[in-house]
Amino acid sequence: MGFPIVVATDSGGDVLGFASFADWRGAWPGYRYTVEHSVHVRNDVRGRGIGRALVESLFPLALGLGKHVMIGGIDAANDASIRFHERLGFQRVAHFREVGHKFGRWLDLVFMQRFLDPPGTIRS
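Worth saying up front: this structure is predicted, and the values here are computed from it rather than measured.

Cut-offs applied
- Residues numbered from 1 in each chain as written.
- Predicted model: local features only at pLDDT ≥ 70, side-chain atom pairs only at ≥ 80, totals over all residues.
- Heavy atoms only, no water.
- Helix = DSSP H or I, 4+ residues; strand = E, 2+ residues; numbered from the N terminus.
- Polar contact = N/O pair within 3.5 Å; in protein donor to acceptor, adjacent residues only side chain to side chain.
- Contact = heavy atoms within 4.5 Å.
- Core = buried A, V, L, I, M, F, W, Y, C linked by side-chain atoms within 4.5 Å.
- Buried < 20%, exposed > 50% of the residue type's maximum accessible area, 1.4 Å probe, protein only.

Caption draft 1: Structural detail: the side chain of His37. Examined against the element boundaries, His37 turns out to sit in strand β3 (residues 34–41). Within polar-contact distance, the side chain of His37 engages the side chain of His85 at 2.8 Å. Not counting the four nearest positions on each side in its chain, His37 is found in contact with Ser20, Phe21, Val55, Leu58, Met70, Ile71, Gly72, His85 and Phe90.

So, in structure tokens, the structure goes:
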């Protein structure tokens, strides 16, 4: 399925950041109402609200596609990203130990989730 990608640019058209989402555990139809998002903002423009605007723009897009929950997977050592997601209404729901390996070290992964519509909402 084609999911949206939103891009933030400056007045000259330079890309400042982007965000998107895709199926979470896509092979399993029972998870069809859940998506996992990704967001990236250029280092030199962080802290200006670009990330917030990008992620917040995903919520109505996901709702419009009938999604119920958005998941974010975050390096457990990335305190700034965890706080960022908490400010956007995401809650920590899981902590996986040493599931990633990068730069010669093991990484823990925190899963955070945010309801896009009220908990318990039934979709048909």
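After that view, the rundown keeps rolling.
Caption draft 2: Here's a closer look at the nonpolar core. Core analysis: the biggest nonpolar cluster contains 25 residues, and Phe21, Ile50, Leu54, Met70 and Phe90 have the highest contact counts within it. Of all the secondary-structure elements, those providing two or more residues to this core are β1 (5–9), β2 (15–23), β3, α1 (50–64), β4 (69–75), α2 (79–87) and β6 (105–115). With 6 residues, α1 is the largest single contributor of residues to this core. Phe90 has contacts with His37, Val55, Phe59, Met70, Ile71, Gly72, His85, Met112, Gln113 and Arg114, leaving out every residue within four places of it along the chain.

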